[in-house]
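Listed below, chain by chain, are the residues.
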Amino acid sequence: MPERTATIASRSGLHARPAALFAEAAGEQSVEVTIAMQGDPADDALDAASILSLMTLGAAQGDVVVLRAEGEGAEQALDCLVQVLETDHDAE
Amino acid sequence: MQNFHGVGVSPGRIVGPVRRMPKAVTEPPSGERLDPGISAEAAVAGLKSAAQSVHDGLKARADTAAGDGKAVLEATALMARDTMLLKQAAKLINAGTSAERAIWEAGASVAEMLHNLGGYMAERATDVLDVRSRIVAELRGVPAPGIPSSESPFILVAEDLAPADTATLDPAKVLALVTSGGGPQSHTAIIARSLGLPAVVAAHGVDEVPDGSEVYVDGAAGFVAVAPSEEQRAAAAAWAETSATLAGFDGNGTTADGHLVPLLANVGGAKDAVAAAGLGAQGVGLFRTEFCFLERDTEPSVDEQAAAYKAVFDAFPGKKVVLRTLDAGADKPLPFLTDATEPNPALGVRGYRTDFTTPGVLERQLSAIARAASESEADVWVMAPMISTAAEAARFASLCAAAGLKTPGVMVEVPSAALTAAAVLREVGFASLGTNDLTQYAMAADRQLGPLAELNTPWQPAVLRLVQLTVEGSALEGNNKPIGVCGEAAADPALAVVLAGLGVSTLSMTARSLAAVGTVLKTVTLEQAQELARLALSAPGAAEAREWVRAKLPVLEELGL
């Protein structure tokens, strides 16, 4: 299954506005994308489009997460979402 | 003609149509089953479509909102169609639960999970419960909870308003606020005064007045009439004229015989400070620094704080700005400072007390204040909230001295500080009475509770006596240290006269009240104010104190205050 790692760039972590932006972007993809902390089993991965799941993940600035997706367009979707995570939205 | 009597909390007379705040969504009965005529698949599809409508509605509102409000609405919109929430609900529906009950329970379990995570997540639990209510309202086909949207201006009638409601309140659309619950110190009252909207709270039964009814509201008398008389219409028209003449304050708070009582403003940030300076405020008597901290998971840096404080100081060059250090806890929780699980937050670790459990935050704030003060021309005074003992005052003064701040002070909100004012004032340079909390603690009455509205007024002779004791404590201490008032009491023109008569040296209020207080103060001599203070102290209760004093100030009736 295609996967990417990304380092959380936003100062407030994957919370508040950065989490909303990411969940919204994940919801717009043609494939379902999951998110997990690096090192956690793939079975425990959460729905990346769920803002509530992202909050429970509790990823802070500098944490590394793994994004996974399957199917047509998975590669592009993952590339796009890695970019969202690696942008510091609190600096905007 | 139907009349309602409540507590007037913000003056003004106005006639307009009623729009009711929809009632809170009631809980679907526990164990409510899916209608046997509906398949689980259809119920899940119906729930998803209701959730999507709620999402779309919130998203549309987010698109027209700005700033923090926009971000909150965007996040809330996403929660409405969140898979975690909807999957849990779908599971319950498949097990035979009705769609309404299923989303209700799913929302509760998600909210509880967030609550247990604490901090920022715990605060978002409320948003999940709000979304849940909206989805249930959508499934039932009833209006969504929250402030109604309307093309034309209206008088908002509600049981009570929450801080979150007031954030979405559009002052261009809302003419007046009327609630059946709430008290004189409730959020509804505070927001109404800061927006300059006439408001009546604790008007029992008023939330039954149908939408569209024309009503007359008198925010000074605490009176609401359905189907206004010609007289009342004329009174509203007259108010529209006098309020225009009351719009100005000449920047000189004084009694008729020239006893100076500087009138200062309560501000929460640079925008307020600039507006207050424009309205003639003679300085700032309460600069609330929470704005820098609220909605934050972590403490703002010293640089960030210093810049925010300087922006306020710069609005008042050469004038006094009294800054209150961080007042977190009770109704203002902060994830990195306060414990949301305290059984009794009003009596808990709040205000200055957060320094007991999280040392360092206060010292860093003081150094940010000192830096901002050194870079500005304002005369910066600093006070700590919720001081109870002389020892706490002494410790705060030593922290201020270490930071290089020259004028330390305390807020008098806890009755113990008023009762031992002389000892407290030996340690610091001044005191400021926070009458909202002082009233709450003196009367042991939660300021948010409607049924306790009559107890919860600074007109209570017991509260006035505590004010007097604080002033007497200053005299006893011997160095004539100033005692100000920065609670909502100072914004009531009649009470402002009483406070001046009790010997209070400055009055600080929401900037919109400066003109009314300044106008009324100029009509009495210091001796008359002292006489009115004695009268109020001698009253058997708050209602009599207010009535007796108002009867001696006919200017109030003339101006509709």
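Residues numbered from 1 in each chain as written. Chains lettered and ligands numbered in written order. Predicted model: local features only at pLDDT ≥ 70, side-chain atom pairs only at ≥ 80, totals over all residues. Heavy atoms only, no water.

A word on the overall build of chain A. When its secondary structure is counted, chain A shows three helices and four strands. Put simply, chain A runs from its N terminus to its C terminus through helices and strands in the order β-α-β-β-α-β-α. Relative to a compact globule of 92 residues, whose C-alpha radius of gyration would be 12 Å, chain A shows 12 Å and is just as compact. Along the three orthogonal principal directions, the C-alpha set of chain A runs to about 35 × 25 × 20 Å. A burial count over chain A gives 48% of its 92 residues as buried. In chain A, once contacts between residues fewer than 6 apart in sequence are set aside, the share between residues at least 24 apart is 76%. Considering chain A, the positive charge centre built from 4 side chains and the negative charge centre built from 17 side chains are found 7 Å apart. (Helix = DSSP H or I, 4+ residues; strand = E, 2+ residues; numbered from the N terminus. Rg over C-alpha atoms; globule rule 2.2 N^0.38 Å. Buried < 20%, exposed > 50% of the residue type's maximum accessible area, 1.4 Å probe, protein only. Contact = heavy atoms within 4.5 Å. Lys, Arg positive; Asp, Glu negative; His and termini not counted. Charge placed at Lys NZ, Arg CZ, Asp CG, Glu CD.)

So, about the confidence of the model for chain A. Counting all residues, the mean pLDDT for chain A is 90, and 98% of those residues have values of 70 or more. Mean pLDDT across the elements of chain A ranges from a minimum in helix 1 (residues 16-27) of chain A, with 88, to a maximum in strand 4 (residues 64-69) of chain A, with 95. (pLDDT = per-residue confidence, 0-100.)

Attention now goes to the sheet that holds strand 4 (residues 154-158) of chain B. All names here are of chain B. Taking strand neighbours across the sheet as the criterion, the eight strands line up as 1-8-7-3-4-5-6-2 in an open arrangement whose pairing is mixed. Each edge of the open sheet is held by one strand with a lone partner, namely strand 1 (3-5) and strand 2 (7-10). Recorded for the sheet is a direction-independent mean angle of 30° between the axes of neighbouring strands. Bridge count between strand 3 (residues 13-20) and strand 7 (residues 214-218): five bridges; the pairing is antiparallel. Looking at strand 7, one finds that Arg13 is bridged to Asp218. Running at roughly 45° to strand 2, helix 7 (residues 187-195) makes contact with strand 2, strand 5 (174-179) and strand 6 (199-201) of the sheet. (Pairing = 2+ DSSP bridges. Axes fitted to C-alpha atoms, helices over the stretch in contact; angles between N-to-C directions.)

Looking now at the interface of chain B and chain A. Contacts between chain B and chain A engage 20 residues on the former and 14 residues on the latter. Sorting the residues of chain B by area buried against chain A places Leu78, Asp82 and Tyr120 of chain B first, and these three jointly supply 31% of that buried surface. Summed over the shared surface of chain B and chain A, the number is zero salt bridges. Inspection of the region where chain B meets chain A yields four residue pairs in polar contact (both at pLDDT 80 or more). Mapped by element, the contributors of at least two residues to the side of chain B that touches chain A are helix 2 (67-80), helix 3 (83-94), helix 4 (99-117) and helix 5 (119-140) of chain B. A total of five residues in the side of chain B that touches chain A trace back to one element, the largest contributor, which is helix 2 of chain B. (Buried area = accessible area lost by both parts, 1.4 Å probe. Salt bridge = Lys/Arg side-chain N within 4 Å of Asp/Glu carboxyl O. Polar contact = N/O pair within 3.5 Å; in protein donor to acceptor, adjacent residues only side chain to side chain.)

Turning our eyes to something else, we now look at the packing of helix 17 (residues 461-477) of chain B against helix 18 (residues 493-502) of chain B. All names here are of chain B. Relative to each other, helix 17 and helix 18 sit at 35°, their axes nearing to 9 Å. The element helix 17 and its partner helix 18 pack so that their crossing is right-handed. Across from Leu464, Val467, Gln468 and Val471 in helix 17, the residues of helix 18 making contact are Leu495, Val498, Leu499 and Leu502. Of the residues belonging to the contact of helix 17 with helix 18, the class tally is seven nonpolar, one polar and no charged. (Left-handed = near helix turned anticlockwise from the far one by under 90°. Nonpolar A, V, L, I, M, F, W, Y, C, P; charged D, E, K, R; others polar.)

Turning to the layout of surface pockets, a few remarks are in order. Residues and elements named next belong to chain B. Of the voids in this model, the second largest pocket is the one considered here, and its volume is about 680 Å³. Of all the secondary structure elements, the ones that give two or more residues to the lining of the second largest pocket are strand 2, helix 18 and helix 21 (542-551). No other element matches helix 21, which puts six residues into the lining of the second largest pocket. Each of domain 1 (3-21 + 147-235) and domain 3 (263-559) contributes no fewer than three residues to the lining of the second largest pocket. (1 Å grid on protein atoms, 1.4 Å probe; cavity = no way out; pocket = protein on both sides within 12 Å on 5 of 7 lines; lining within 4 Å. Points joined across faces, edges and corners; volume = space filled by probe spheres on them. Domains from an automatic or database assignment.)

It is worth spelling out the nonpolar core at this point. By size, the foremost hydrophobic cluster in this structure holds 103 residues, and its most contacted members are Phe313 and Leu507 of chain B. Residues within four places of Phe313 of chain B in sequence aside, it is in contact with Phe287, Val321, Leu323, Ile369, Ala372, Ala373, Ser376, Ala378 and Val380 of chain B. Ile8 and Met55 of chain A together with Met79 and Ala137 of chain B belong to the second-largest nonpolar core, a separate cluster that totals 69 residues. (Core = buried A, V, L, I, M, F, W, Y, C linked by side-chain atoms within 4.5 Å.)

Our next topic: the packing of aromatic side chains. The geometry of an aromatic ring pair comes down to the distance between the two centres and the angle between the two planes. Residue and element names in this part refer to chain B. Considering all chains together, one arrives at six aromatic pairs over all chains under this definition. Relative to Phe396, the ring of Tyr352 has its centre 6.4 Å away and its plane inclined at 90°; by these criteria the two rings are edge-to-face. In this pair, Tyr352 is assigned in the loop between strand 11 (320-324) and helix 11 (354-357) and Phe396 in helix 13 (residues 390-403), connecting sequence segments 44 residues apart. Across this residue pair, the class does not change: Tyr352 and Phe396 are buried. Members of the aromatic cluster, joined through ring pairs, are Phe287, Tyr309 and Phe313. One cation-aromatic arrangement involves Arg132 over Trp104; the distance from NZ or CZ to the ring centre is 3.6 Å. Lying across the ring of Trp381, Lys320 places its NZ or CZ 4.0 Å from the centre. (Phe/Tyr/Trp six-rings, centres within 6.5 Å; stacked < 30°, edge-to-face > 60°. Lys NZ or Arg CZ within 6 Å of the ring centre and 35° of its normal.)

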